[in-house]
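Given next are the chains, with one letter for each unit.
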2 protein chains.
Amino acid sequence: MRAVCVLGTGLIGGSLMRAAARAGRDVWGTAASEATAAAAVADGFDVTTDADAALSRAADADALVVVAVPLTALEPVLRRIDAIAPTCRLTDAVSVKVAVADAVAEFAPRTRYVGGHPMAGTAESGWAAGDPDLFDEAAWVVAADDGLDLGVWRDVAELAWACGSRVVPAAVDEHDIAVARISHLPHLFAAVLASVGAGDQGDDLALALSASSFADGTRVAGTRPELVLAMCEGNRASLLAAVDDALGRLGAMRGALASTGGLAATVRSGHEARMRWASTREPLELPVSLDGDPSAVLAELRELGRRGDVVEPWK
Amino acid sequence: MRAVCVLGTGLIGGSLMRAAARAGRDVWGTAASEATAAAAVADGFDVTTDADAALSRAADADALVVVAVPLTALEPVLRRIDAIAPTCRLTDAVSVKVAVADAVAEFAPRTRYVGGHPMAGTAESGWAAGDPDLFDEAAWVVAADDGLDLGVWRDVAELAWACGSRVVPAAVDEHDIAVARISHLPHLFAAVLASVGAGDQGDDLALALSASSFADGTRVAGTRPELVLAMCEGNRASLLAAVDDALGRLGAMRGALASTGGLAATVRSGHEARMRWASTREPLELPVSLDGDPSAVLAELRELGRRGDVVEPWK
């Protein structure tokens with residue numbers, strides 16, 4: 001079982017260390033502050049603020065290095081990797097993938113990088129919020145672009161499975177478009193819906209009448225704005241496309257409401273989409289051998305993700 | 001305790017009969033079909049398909065008549081009321097209020113009508129789906145426009161309280177605007193979000209990655225389209241204003257995202273609105289005597305609803 005070196009001990013990195021350790025992996029990591037490192041050590045984890053030492057050990061052990069720092073903190077971390085463990089097996093847990101792939105190509109180009117994104121989180125943050133169960137039954141995206149190292153792909157998939165997740169292979173650009181549609185746009189819709197519903201201060205009749213449709217539709221507007229902004233603003237191009245798709249549909253709906261008064265096209269299309277979402281596909285075992293021609297294997301993996309399939313661990 | 005005659009035995013009317021009976025009220029009603037009437041009778045309720053007989057009894061008993069039929073079925077019911085119990089105490093449980101008030105003014109103009117709207121429901125329908133607990137702690141809007149009969153206002157409020165609800169007084173046009181913002185717009189947003197998220201059939205990566213933000217934001221898109229359409233299309237003018245408010249905010253957000261890339265205004269405003277929603281006001285006892293000058297009392301009641309206050313029963 002491959003050792004794991006986790007850079008960053010926030011909610012995701014801290015949960016990952018706990019989950020990997022519970023799965024029997026040799027795991028160590030780095031924290032940004034002495035206080036966090038001390039808290040992690042007190043919890044029995046091998047965490048230091050000395051990133052060079054942690055990376056040197058990763059190079060010696062041929063470990064899988066996992067970058068679990070915010071997008072805005074990526075560059076200095078990648079520069080240290082390039083200096084100390086320049087050809088390491090590398091993945092990450094950042095919520096956008098094209099921007100990370102671009103940064104890796106610029107600042108740590110010799111690494112064997114396969115991007116990752118565990119689709120899990122809570123409203124909390126920091127080492128103390130970490131939870132070994134955070135990734136249970138979550139979708140964990142593993143990049144499947146042409147040219148990636150299939151050995152590292154297997155390492156990342158096996159780490160995801162060890163943490164209890166299901167693997168969804170995807171091209172990084174398709175990942176960013178997908179999360180814009182099903183995660184970032186819902187946050188913006190929730191914000192706008194909350195603002196329209198609440199109206200002006202002092203005019204609180206609407207809030208007094210609100211029931212579950214409003215409560216559910218605005219729930220994620222309760223997330224800390226900093227987290228929402230980091231996530232959405234980091235995926236600008238794909239989010240803009242999703243917003244334009246939504247505006248087009250809303251504009252057509254507005255036109256129908258104003259002219260004929262009919263909303264059937266909007267409501268029925270949404271109902272069908274929700275029903276399609278609800279008819280979840282059963283997870284399947286990886287139907288592709290990773291030992292074939294890499295280009296063909298990666299193409300098959302991407303196709304699998306496009307179909308909406310999620311992959312369980314080998315039995 | 002005033003007797004109650006319920007016209008219509010669907011989810012709302014059937015639940016209302018059960019709740020009123022449990023509260024000790026003398027209650028009878030009418031069903032559209034012999035089968036439904038037989039089912040209600042088998043459950044121990046006094047339900048007939050003979051609307052004239054039920055209304056004649058209501059006139060004799062000076063009962064409160066409650067119209068609990070869909071908006072589209074209103075006219076013939078009001079014509080029978082005008083024929084058999086022309087000056088009865090009248091309320092309703094329809095989800096829009098201006099359209100009902102207009103129909104009452106046209107087809108049963110001599111009734112003492114005070115509109116009502118219990119903000120409760122489930123995805124189910126019909127007599128069998130009725131539940132005496134349906135209205136527990138729900139907001140029950142009672143119309144408070146100038147010129148209404150305060151004696152009937154008290155009857156409707158006391159029925160709402162007897163059913164376990166809290167009363168929110170409101171002008172009928174303000175009610176329609178409020179429900180457009182916190183109930184009808186959320187249904188349209190959920191539909192559009194589901195359609196954008198699901199994308200084209202066969203491109204199911206986004207659905208495979210969807211987590212709670214998408215699940216919550218699209219939940220009400222699972223409602224039967226017929227119910228959503230009846231509700232939204234019946235409130236066209238107010239809904240159009242809410243849609244335009246939302247489109248204005250989304251357009252400004254789209255402009256900011258495309259130019260500076262910043263989403264702070266949208267996200268922070270939505271967060272504040274959601275926090276305002278979450279800071280619920282405590283229900284209060286009716287702070288207005290219904291024995292004062294009717295015009296002044298009704299103005300005070302409307303102001304109370306605008307502040308977002310909900311009113312508990314007298315102790």
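Computed from a predicted structure; not experimentally measured. (Residues numbered from 1 in each chain as written. Chains lettered and ligands numbered in written order. Predicted model: local features only at pLDDT ≥ 70, side-chain atom pairs only at ≥ 80, totals over all residues. Heavy atoms only, no water.)

### Description of the overall build of chain A
Short version of the rule: Numbered from the N terminus, helices here are DSSP runs of H or I no shorter than four residues, and strands are runs of E no shorter than two. Only C-alpha atoms enter the radius of gyration; for comparison, a globular chain is expected to reach 2.2 Å times N to the power 0.38, where N is the number of residues. Using a 1.4 Å probe on the protein chains alone, a residue whose accessible area is under 20% of its type maximum counts as buried, one over 50% counts as exposed, and one in between counts as partly exposed. In what follows, residue pairs with any heavy atoms lying within 4.5 Å of each other are defined as contacts. All accessible-area figures derive from a Shrake-Rupley calculation using a 1.4 Å probe, and residue coverage is judged against the displayed protein chains alone. We score Asp and Glu as negative and Lys and Arg as positive, and we do not count His or the chain ends. All charge positions are set by atom: Lys at NZ, Arg at CZ, Asp at CG, Glu at CD.
Secondary structure summary: chain A contains 13 helices and eleven strands in total. Taking 315 residues into account, the globule formula puts the C-alpha radius of gyration at 20 Å, and chain A, at 21 Å, falls close to it. By principal-axis analysis of the C-alpha atoms, chain A measures approximately 70 × 50 × 35 Å. The buried share of chain A, reckoned over its 315 residues, is 55%. A separation of at least 24 residues holds for 71% of the contacts in chain A among residues at least 6 apart in sequence. Of the accessible surface of chain A, which amounts to about 12000 Å², a share of 52% is contributed by carbon and sulfur atoms. Of the charged side chains in chain A, 27 are positive and 43 negative, and the gap between their average positions amounts to 4 Å.

### Some remarks on helix H1 (residues 11–22) of chain B
All names here are of chain B. We count it as follows: What a helix should span is 1.5 Å times the count of its residues minus one.
Taking 1.5 Å of rise per residue, the twelve residues of H1 would be expected to cover 16 Å, and the 16 Å separating its terminal C-alpha atoms lies within 8% of that figure. In terms of burial, H1 is largely enclosed, as ten of its twelve residues are buried. When we look at burial in H1, the residues that qualify are Leu 11, Ile 12, Gly 13, Gly 14, Ser 15, Leu 16, Met 17, Arg 18, Ala 19 and Ala 20. Positive phi shows up at Gly 24, right after H1, with a value of about 90 degrees.

### Some words on the domain arrangement of chain A
The figure often quoted for interface size is the accessible area lost as the parts come together. All names here are of chain A. Defined as follows: Where each domain starts and ends follows an automatic or database-derived domain assignment. A 1.4 Å probe defines the accessible area here, and the buried area is the portion of it lost by two parts on being joined, summed over both. What counts as a salt bridge is simple: a side-chain nitrogen of Lys or Arg found within 4 Å of a carboxyl oxygen of Asp or Glu. Polar contact is the term for a pair of N or O atoms within 3.5 Å; when the atoms are in protein, one must be able to donate a hydrogen and the other to accept it, and sequence-neighboring residues count only if both atoms are side-chain atoms. Basically, the charged four are Asp, Glu, Lys and Arg, the nonpolar ten are Ala, Val, Leu, Ile, Met, Phe, Trp, Tyr, Cys and Pro, and anything else, Gly included, counts as polar.
Domain assignment breaks chain A into domain 1 (4–170 + 281–287 + 297–312) and domain 2 (176–262). Between the C-alpha centres of domain 1 and domain 2 there is a distance of 31 Å. Between domain 1 and domain 2, the contact holds ten residues from the first and nine residues from the second. Summed over both partners, the interface of domain 1 with domain 2 buries about 600 Å², with 59% contributed by carbon and sulfur atoms. Counting the surface domain 1 buries against domain 2, the share from its top three residues, Ser 95, Val 96 and Ala 123, is 51%. Inspection of the domain 1/domain 2 interface yields zero salt bridges. Taken together, the connections running from domain 1 to domain 2 amount to two residue pairs in polar contact (both at pLDDT 80 or more). Its residues placed into classes, the side of domain 1 that touches domain 2 shows six nonpolar, three polar and one charged.

### Some thoughts on the pattern of salt bridges
Summed over the entire model, instances satisfying the criterion amount to 48 salt bridges over all chains. Here B:Asp244 ties to A:Arg254 by a salt bridge, and the two come within 2.7 Å at their closest N and O atoms. Highlighted residues: B:Asp244 in helix H11 (residues 236–259) and A:Arg254 in helix H11 (residues 236–259), drawn from two different chains. A relative accessible area of 26% means that A:Arg254 is categorised as partly exposed. Across the salt bridge formed by B:Arg18 and B:Asp43, the nearest N and O atoms sit 3.8 Å from each other. You can see B:Arg18 sitting in helix H1 and its partner B:Asp43 sitting in the loop between helix H2 (34–42) and strand S3 (46–48), a full 25 residues away along the chain.

### Description of the UniProt feature "domain: Prephenate/arogenate dehydrogenase" (unreviewed entry) in chain A
Applied cut-off: UniProt positions are given in the numbering used here, feature names are shortened, and annotations may be inferred rather than shown by experiment.
UniProt's feature table lists "domain: Prephenate/arogenate dehydrogenase" (unreviewed entry) at residues 2–287 of chain A, given in the numbering used throughout. A distance of 23 Å separates the end C-alpha atoms of residues 2–287 of chain A, which is 53% helix and 13% strand.

### Considerations on the environment of B:Asp60
For B:Asp60, the location among the structural elements is in helix H3 (residues 51–61). For B:Asp60 and B:Cys88, which are 28 residues apart along the polypeptide, the C-alpha to C-alpha distance reads 9.6 Å.

### Some thoughts on the interface of chain A and chain B
Between chain A and chain B, the residue contacts involve 94 residues of the former and 94 residues of the latter. Of the roughly 8300 Å² buried between chain A and chain B, counting both surfaces, carbon and sulfur atoms make up 68%. Of all residues in chain A, the largest losses of buried area upon contact with chain B belong to A:Arg181, A:Leu209 and A:Arg276, amounting jointly to 9% of the total for that side. Our count for the chain A to chain B interface comes out at ten salt bridges. The residue A:Glu226 makes a salt bridge to B:Arg268 at a minimum N-O spacing of 3.3 Å.

### Brief notes about the relation of the copies chain A and chain B
Our working rule: Only residues with pLDDT of at least 70 in both copies contribute their C-alpha atoms to the least-squares superposition of the copies.
Mapping chain A onto chain B leaves a residual RMSD of 0.0 Å; the transformation is a rotation of 180 degrees accompanied by 0.0 Å of translation along its axis. What we have between these two chains is a two-fold relation. Taking C-alpha positions as the reference, the residue of chain A nearest the rotation axis is A:Gly217, at 2.3 Å. When the interface residues of chain A are mapped onto chain B, 100% of them again lie at the interface, so the same face is used by both copies.

### Looking at the packing of helix H10 (residues 225–233) of chain A against helix H12 (residues 264–278) of chain B
Put simply, the rule reads: Comment: axis = line fitted to C-alpha atoms, over the contacting stretch for helices; angle = value between 0 and 180 degrees taken between N-to-C directions. Throughout, a crossing is termed right-handed when the near helix is turned clockwise from the far one, and left-handed when it is turned anticlockwise from it by less than a right angle.
With their axes 10 Å apart at the nearest point, H10(A) and H12(B) run at an angle of 145 degrees to one another. Regarding H10(A) and H12(B), the two cross each other, and that crossing is right-handed. In contact with A:Pro225, A:Glu226, A:Val228, A:Leu229 and A:Glu233 of H10(A), H12(B) contributes B:Ala264, B:Val267, B:Arg268 and B:His271. For the contact of H10(A) with H12(B), a count of residues per class yields five nonpolar, one polar and three charged.

### Notes on the packing of helix H7 (residues 172–198) of chain A against helix H7 (residues 172–198) of chain B
Note the threshold: For classification purposes, angles smaller than 35 degrees are called roughly parallel, those larger than 145 roughly antiparallel, those between 65 and 115 roughly perpendicular, and all remaining angles oblique.
In the contact formed by H7(A) and H7(B), the axes pass within 10 Å of each other and the chain directions differ by 165 degrees. In this view, H7(A) runs roughly antiparallel relative to H7(B), as classed from their interaxial angle. Note that H7(A) runs across H7(B); the crossing there is right-handed. Judged by residue contacts, A:Arg181, A:Ile182, A:Leu185, A:Pro186, A:Phe189, A:Val192, A:Leu193, A:Val196, A:Gly197 and A:Ala198 of H7(A) engage B:Arg181, B:Ile182, B:Leu185, B:Pro186, B:Phe189, B:Val192, B:Leu193, B:Val196, B:Gly197 and B:Ala198 from H7(B). Its residues placed into classes, the contact of H7(A) with H7(B) shows 16 nonpolar, two polar and two charged.

### A word on the sheet that holds strand S2 (residues 27–30) of chain A
Residues and elements named next belong to chain A. Here is the rule we go by: Here the rule is simple: two strands pair whenever DSSP picks up at least two bridges between them.
The six strands are arranged S3-S2-S1-S4-S5-S6 in an open sheet whose pairing can be described as parallel. Each edge of the sheet is formed by a strand with only one pairing partner; in this case those strands are strand S3 (46–48) and strand S6 (112–113). For strand S4 (residues 64–67) and strand S5 (residues 89–92), the ladder comprises four bridges, and the chain directions are parallel. Bridging from a neighbouring strand, Val 65 pairs with Leu 90 of S5.

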